[in-house]
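# Analysis of the macromolecular model
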Amino acid sequence: MKILHTSDWHIGKRLSGRDRLDEQRAALDEIAAICDAEKVDLVLVAGDVFDTFLPSAEAEDAFYCAAKKIAGTDRCMLIISGNHDDNIRLTAATALSEELGIYVYGNAGHIPKLCGGRRVYPVEAGANHIVFRTGEEEVFFNVLPYPNETRLKEDKNSDEKFLDKMVRWMNAGQAENKKNLPSVFLSHLFIAGGSVSEGEREIDLGGARAVPLSALPPCDYTALGHLHKRQSFKNNVVYSGSILQYAFDEAGTKKSVVLFDIGKEGVKEMRRVELHAGKQLVRLQANGVSDAADLVRKYPDCYIELTIFLKEPLLASQVRELREANPGIVQFLPQVTQEGEGMKGVSLRQLSDSELFRTFYRKKFAQEPSDDLTELFLSMTEGEDEA
């Protein structure tokens, strides 16, 4: 059985207010084309289909169109909810989608309807597992959508440790593999030691909810979502990564999907297939506005994070000049070098609240703010911090 593993579509996600829906549609069209070219039997989507619990109508339309195109007439899809998805909302259309070979797990307790008529089709399903067959070959899938007590309808206040719960949840699905079939674990979680991108929210960096590799259920392949950077661990534990660059620390990285064959002999011919859709993110640095304008012109059709080193604050007219040079600039990081003893190379991020306010006031009104006005501003910010 040939399988394609993808995750973290984040349909509807923006970049500093920039709509990226067309880029997301293009990436999903590219995945559909890969499925056709590679004669993929089954597509795994390891969570975070959407970027928010309440996606726009346009984002939902993009998902439904992409899923139908990817499933085609003979293929199946197996989708789970991630932490960005409303797990109930994502599964609302299963009565229709299962007829099209699209199986979605998210609503705890939902057991998919077994629908045939395709080259690959399910022959067994439960609340946390499903078995697909193509020809005489069957593969078992242990399915765990983004896990927490609320989503799995369990008591948060029990004395059971979270890792013990995780092991119980993961093993519950694996225990259903009565025939000892070739198996895949599909989930959306954080593996301890995984590399996190700036664009990911709600990752458990403290470690309390990180899952060690040793706790994962024994299977031939573990298809994960949650982390946007593509990465893999021993024993075929793989994050496919997001379909687009969603944060500037991903600048220069390649996006891809994972293809592999699985059968009685285990996993064979596992490889990544790169995605080319979507604008590239670049991080640039320049000394002064003139050099910055020349530099950004060399990166058309990209999204740019521009660090610019200045001797005085960036003016609105200079911002307009740079945006005219390249409309793709989405983030300015001005680094203001202040002349004077002990202030060389100081950036705006290093200034105190009062220094920031005085810098802003000078830029706006071309004069120093009074001490009383500065004190009033500081008293207001202190009140906000206490709230």
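Presented here is a report on the structure given in the accompanying data block. What you are looking at is a predicted structure, and each value in this text was computed from that prediction instead of being measured.

This part is about the overall build of the protein chain. For the protein chain, the helix and strand inventory stands at nine helices and 18 strands. Dimensions along the principal axes, computed over C-alpha positions, put the protein chain at roughly 80 × 50 × 40 Å. Here the protein chain holds 387 residues, and 51% of them are scored as buried. Looking at the protein chain alone, contacts between residues at least 24 apart form 64% of all its contacts between residues at least 6 apart. Here the protein chain contributes 47 positive and 60 negative side-chain charges, whose respective centroids are spaced 5 Å apart.

The next thing to look at is the sheet that holds strand β7 (residues 120-125). The strand order β7-β8-β9-β10-β11-β13-β12 describes an open sheet built from seven strands, whose pairing is mixed. Both outer strands of the open sheet, β7 and β12 (231-233), are each paired with one neighbouring strand and no more. The average angle at which neighbouring strand axes cross in this sheet is 25°, direction not considered. As paired strands, strand β10 (residues 183-188) and strand β11 (residues 221-225) are joined by five bridges and run parallel to one another.

Note on soluble globular proteins: their nonpolar side chains tend to be buried together. Formed by 35 residues in total, the largest nonpolar core has its most connected members in Trp 9, Ile 11, Ile 31 and Met 77. Looking at this core, the elements that each hand over two or more residues are α1 (21-38), β4 (42-46), α2 (57-71), β5 (76-80), β6 (102-105), β14 (255-263) and β15 (266-275). Each residue touching Trp 9, except ones within four places of it in the same chain, is listed here: Gln 24, Leu 28, Ile 31, Val 45, Gly 47, Asp 48, Val 49, Phe 63, Ile 70, Met 77, Ile 243 and Tyr 246. Judged by nonpolar contacts, the second largest core, of 25 residues, contains Leu 78, Ile 80, Tyr 103 and Tyr 105.

Next up on the list: the state of the cysteines. The tally for this structure, following the rule as stated, stands at zero disulfides. The thiol sulfur of Cys 65 is not disulfide-bonded, and the nearest other cysteine sulfur, from Cys 35, lies at 16 Å.

This part is about the packing of aromatic side chains. For the structure shown, the criterion picks out eight aromatic pairs. A ring pair is formed by Phe 63 and Tyr 64, whose centres lie 5.4 Å apart and whose planes are at 40°; its orientation type is tilted. Where Tyr 221 meets Phe 260, the ring centres are 4.0 Å apart and the plane angle is 20°; that geometry is what we call stacked. With Tyr 221 in strand β11 and Phe 260 in strand β14, the pair connects residues that are 39 residues apart, well separated along the chain. Overall, Tyr 221 belongs to the buried group, its relative accessible area being 0%. Site record: aromatic cluster; members linked through ring pairs are Trp 9, Phe 50, Phe 63 and Tyr 64. Over the aromatic face of Tyr 246 sits the side chain of Lys 13, whose NZ or CZ is 5.8 Å from the ring centroid.

The α-helix advances 3.6 residues per turn, and as a result positions three or four apart in sequence lie on the same side. Look at α2: 21 Å from first C-alpha to last across 15 residues, which is about the 21 Å you get at 1.5 Å a residue. Those residues of α2 that sit buried are Ala 59, Glu 60, Ala 62, Phe 63, Ala 66, Ala 67, Ile 70 and Ala 71. On an axial view of α2, the arc spanned by its buried residues comes to 155°, and they lie on one face. Turned more than 90 degrees away from the buried face of α2, the exposed residues are Ala 57 and Lys 68. Positive phi shows up at Gly 72, right after α2, with a value of about 60°.

Between two packed helices, both the angle of their axes relative to each other and the distance between the axes serve to describe the pair. Following both chains from N to C, one finds helix α6 (residues 288-296) and helix α7 (residues 316-325) inclined at 20°, their axes separated by 8 Å at the closest point. Classified by the angle between their axes, α6 and α7 sit roughly parallel to one another. As α6 runs across α7, the sense of the crossing is right-handed. Contacts between α6 and α7 involve Val 289, Ala 292, Ala 293 and Val 296 on the former and, on the latter, Gln 318, Glu 321, Leu 322 and Ala 325. When the residues that make up the contact of α6 with α7 are grouped by side-chain class, the tally is six nonpolar, one polar and one charged.

The next thing to look at is the pattern of salt bridges. Pairs may arise between side chains of opposite charge once their charged atoms sit close together. Enumeration according to the criterion identifies 21 salt bridges in this entry. The shortest N-O distance in the salt bridge between Asp 36 and Arg 75 comes to 3.1 Å. Of this pair, Asp 36 sits in helix α1 while Arg 75 sits in the loop between α2 and β5, and the two are 39 residues apart along the sequence. Residue Glu 138 pairs with Lys 179 through a salt bridge whose shortest N-O separation is 3.6 Å.

Scoring rules and cut-offs
- Residues numbered from 1 in each chain as written.
- Predicted model: local features only at pLDDT ≥ 70, side-chain atom pairs only at ≥ 80, totals over all residues.
- Heavy atoms only, no water.
- Helix = DSSP H or I, 4+ residues; strand = E, 2+ residues; numbered from the N terminus.
- Buried < 20%, exposed > 50% of the residue type's maximum accessible area, 1.4 Å probe, protein only.
- Contact = heavy atoms within 4.5 Å.
- Lys, Arg positive; Asp, Glu negative; His and termini not counted.
- Charge placed at Lys NZ, Arg CZ, Asp CG, Glu CD.
- Pairing = 2+ DSSP bridges.
- Axes fitted to C-alpha atoms, helices over the stretch in contact; angles between N-to-C directions.
- Core = buried A, V, L, I, M, F, W, Y, C linked by side-chain atoms within 4.5 Å.
- Disulfide = S-S within 2.5 Å.
- Phe/Tyr/Trp six-rings, centres within 6.5 Å; stacked < 30°, edge-to-face > 60°.
- Lys NZ or Arg CZ within 6 Å of the ring centre and 35° of its normal.
- Expected span 1.5 Å × (residues − 1).
- Arc of directions from axis to C-beta.
- Parallel < 35°, antiparallel > 145°, perpendicular 65-115°, else oblique.
- Left-handed = near helix turned anticlockwise from the far one by under 90°.
- Nonpolar A, V, L, I, M, F, W, Y, C, P; charged D, E, K, R; others polar.
- Salt bridge = Lys/Arg side-chain N within 4 Å of Asp/Glu carboxyl O.

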